[in-house]
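Overview (structure and organization)
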Amino acid sequence: MKKTNILFITSDMQRADCFGSFGGRGVRSPHVEALARKGSRFDECITPNIVCQPARASILTGMLPLTHGVHDNGIDLDPKLAVNGFAGLLGRCGYQTSFIGKAHFSTFETFKATGSPECRYSSSKYGSEWTGPYMGFDYVNLSVMGHLHRKRPPERPPSGQHYERWFYSRGEGDEALKLHVKGLPPDTGAANTWNSALPEAWHTSTWVADRTIDVLQKRDQSKPFCIWASFPDPHHPYAPPEPWSRMYPHDSISLPENRRLDLDRRPWWHRASLEGEPQVADARLKEHRKNVSRVLNQSDVQLAHMTANYFGMISLIDHSVGRIMNVIRDLGLEDDTLVVYSTDHGEFLGDHGLFLKGPMAYEGVLRVGMIIAGPDVPKDKVFFDPVSTLDLAATFCDYAGITMPSKAQSKSLRPLMRGTASSREAAYSEWNLLPVRCGVALDLRTVRTRTHKLTLEMNSGEGELYDLIEDPHEMENLWNDPGHSAARRMMEEALKGRPGGMREKFDEPAGIY
């Protein structure tokens, strides 16, 4: 029997309300919207962790962070676990497995060399001919970070990986870098935001699409394929190339109503994580944690510019998705390929006066979009079950006719889409932060149902509870409200229902991200 091909496309840090017209923010994503019409959309999907490395490790392994051990950025995924993730399992049953773009299964900004191809101090040991295997994928073309900061340019060859080496080969000398850091007008002074002069053809989104298309066209047609195409955007810095930087006029951007800091109304760790001193010995990394991972208050003009560029980056990814889907169609693969579009986690984007991401599990960072199209998938259907990107690993294995290891908490979405499974009741997210991040240790556990969300800080016993139906913007913390004690008890019981075991010991951080 012919096996289903799998094309998994992800962005980085894309809010659920920015997944096309159905998101509600006005982001134009015609190709992702077309994919949703051909398949199904999961409106209440969450991430198992609201930063990159743990979320990506969970997607690959099908395990929650406290099970696979990557409980924060800066902790490397154990390769022995990774090879039993969906890619390794599919590879051993005959699939060609490929990874293109930003992996972030291992730490980039490390304290010392770790030997990983993603480590800034070790990547030079992997020559230009190296293409894997890596973390269960037989073939890889990697962008070590893909977020082209002004203060932290891409690693120069022989360091870096495939994208970085390609990037520095564009133009003459440092032309690509000079064009990228050059800001075209207007300049509003918004944090991590400018209109880049880099040509679209040299951008990471174009490169990921190009390499994915190359893999599709050159694959062994006698075997099924599994490709993870991982776009590094719209993660900051918000610096899209033209014309995408001008696609959304700043005065057309609708800003969140709840865009002012309200720390006095929130649990203690909100303020502590913003004001604490990261406990990092390396001065350069400490500076990054204090002044790059945190963003000060932005004016409305600055937030509009930041948001417009964020939207533009998403629309460029969508354009790239359209290019990839054209090739799927031209190669006659549409009927035999499961296509999934999702992301690792969201972004605050001004909600509650916050930016980027942090240990406040608001919907902007926790809830993500997920669209599935392909064989046996209902067309133009929306599911409102609380599911997780964690569930994709088991879903991919289900379509391949294999099962996940027993330790995995991933549950296939295929029975839900077929209507042969009962509805889901809850989804889980968890994050252990060490003082290296924000100066305070936190053990956060989150459970989300269709109606409520609870986050509990295990060390202090403090929590926050929101009624997502009556208070979708999460303005009123009901944790200590006697009138909602029944809801609190219900959600505390739901949190106790977290499936699977947890590690007793965890690896020390290799770096900060």
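Structural notes, computed from the coordinates. What you are looking at is a predicted structure, and each value in this text was computed from that prediction instead of being measured. (Residues numbered from 1 in each chain as written. Predicted model: local features only at pLDDT ≥ 70, side-chain atom pairs only at ≥ 80, totals over all residues. Heavy atoms only, no water.)

**Some points on the sheet that holds strand E8 (residues 225-230)**
In plain terms, the rule: Pairing between strands is defined by DSSP: at least two bridges between the two strands are required. Helix numbering and strand numbering both begin at the N terminus, where a helix is a DSSP run of H or I of at least 4 residues and a strand a DSSP run of E of at least 2. All axes are obtained by fitting lines to C-alpha atoms, using only the stretch in contact for helices, and the reported angles, taken between N-to-C directions, cover 0 to 180 degrees. Here, two residues are considered to be in contact whenever any of their heavy atoms come within 4.5 Å of each other.
Taken in spatial order, the 8 strands of this open sheet run E5-E4-E8-E1-E9-E10-E2-E11, and their pairing is mixed. Two strands close off the open sheet at either side, each with one partner strand: strand E5 (139-142) and strand E11 (381-383). The mean inter-strand angle of the sheet, taken between neighbouring strand axes irrespective of direction, is 10°. Sheet analysis places strand E1 (residues 5-11) next to E8, joined by 5 bridges and oriented parallel. From the neighbouring strand, Thr10 faces E8, where its bridge partner is Ser230. Where helix H11 (residues 300-330) meets the sheet, it contacts E1, E8 and strand E9 (337-343), and its direction lies at approximately 170° from that of E1. Strands E1, E9 and strand E10 (371-373) of the sheet are contacted by helix H13 (residues 392-400), whose axis makes an angle of about 175° with E9.

**Looking at the pattern of salt bridges**
Note the threshold: Whenever a carboxyl oxygen of Asp or Glu lies within 4 Å of a side-chain nitrogen of Lys or Arg, that contact is scored as a salt bridge. Under the scheme applied here, a residue whose accessible area is under 20% of the maximum for its type counts as buried, over 50% as exposed, and between as partly exposed, the area being computed with a 1.4 Å probe on protein chains only.
Tallied over the entire structure, the rule returns 39 salt bridges. Between Glu44 and Arg448 there is a salt bridge, with the nearest N and O atoms lying 2.7 Å from each other. Highlighted residues: Glu44 in the loop between strand E2 (40-42) and strand E3 (45-46) and Arg448 in strand E14 (residues 442-448), separated in sequence by 404 residues. In this structure Glu44 comes out as buried when scored by relative accessible area, which is 12%. Across the salt bridge formed by Arg260 and Asp300, the nearest N and O atoms sit 3.6 Å from each other. One end of the pair, Arg260, is in the loop between E8 and helix H9 (268-275); the other, Asp300, is in helix H11, with 40 residues separating them in the sequence. Take Arg260: its relative accessible area is 51%, and that puts it in the exposed class.

**Topic: the environment of Gly353**
Along the chain, Gly353 falls in the loop between E9 and helix H12 (363-366). Looking at Gly353, the relative accessible area reads 8%, which means it is buried. Residues Gly353 and Pro256, 97 residues apart in the sequence, show an inter-C-alpha distance of 9.3 Å. When sequence neighbours within four positions are dropped, the list of residues in contact with Gly353 reads Asn258, Arg259, Arg260, Leu261 and Asn297.

**Quick look at the packing of helix H1 (residues 30-38) against H11**
Defined as follows: By definition in this entry, angles of less than 35 degrees are roughly parallel, angles greater than 145 are roughly antiparallel, angles of 65 to 115 are roughly perpendicular, and the rest are oblique. Residue polarity follows a fixed list, in which Ala, Val, Leu, Ile, Met, Phe, Trp, Tyr, Cys and Pro are nonpolar, Asp, Glu, Lys and Arg are charged, and the others, Gly among them, are polar.
The geometry of H1 relative to H11 is characterised by a closest axis approach of 7 Å and an angle of 50° between their N-to-C directions. In terms of orientation, H1 lies oblique with respect to H11. Contacts between H1 and H11 pair Pro30, His31, Val32, Leu35 and Lys38 from the former with Asp318, His319, Val321, Gly322, Met325 and Arg329 from the latter. For the contact of H1 with H11, the residue count by class is 5 nonpolar, 3 polar and 3 charged.

**Quick look at the pairing of E9**
A regular strand places its side chains on the two faces of the sheet in alternate fashion. The buried fraction of E9 amounts to 7 of the 7 residues, a majority that puts the element mostly inside the structure. Alternating positions in E9 separate into two faces, Thr337, Val339, Tyr341 and Thr343 on one and Leu338, Val340 and Ser342 on the other, with burial throughout. Examined bridge by bridge, E9 and E10 share 3 bridges and lie antiparallel to one another. Among the inter-strand pairings, Val339 is bridged to a residue of E10, identified as Ala373.

**Here's the deal with the packing of aromatic side chains**
The test is simple: Centre distance within 6.5 Å is the pairing criterion for rings of Phe, Tyr and Trp, where only the six-membered ring of Trp is used; planes under 30 degrees apart are then read as stacked, over 60 as edge-to-face, and the remainder as tilted. Think of it as a cone above the ring: NZ of Lys or CZ of Arg counts as a charge over the ring if it is within 6 Å of the ring centre and within 35 degrees of the ring normal.
Following the criterion strictly, the structure yields 26 aromatic pairs and no others. Ring pairs connect the aromatic residues Phe8, Phe86, Phe99, Phe105, Phe137, Trp228 and Phe396, which therefore count as one cluster. A cation over an aromatic ring shows up here: Arg28 above the ring of Tyr248, its NZ or CZ 4.6 Å from the ring centre. Directly above the ring of Trp194 sits Arg150, whose terminal nitrogen or CZ lies 4.1 Å from the centroid.

**Quick notes on the environment of Ala394**
Of note, Ala394 is situated in helix H13. C-alpha separation for the pair Ala394 and Met417, spaced 23 residues apart in sequence, amounts to 14 Å. Once residues within four sequence positions are removed from consideration, Ala394 is found in contact with Met404, Ser410, Lys411 and Ser412.

**Focus: the sheet that holds strand E13 (residues 427-433)**
Reading across from one edge, E13-E14-E15-E16 is the order of the 4 strands in this open sheet, with antiparallel pairing throughout. Two strands lie at the open edges of the sheet, namely E13 and strand E16 (462-467), each paired on one side alone. Put simply, the sheet's adjacent strands are angled 10° from each other on average, direction ignored. As defined by bridge partners, E14 adjoins strand E15 (residues 452-457) across 5 bridges and the pair is classed as antiparallel. The residue bridging Arg448 from the neighbouring strand is Lys453, located in E15.

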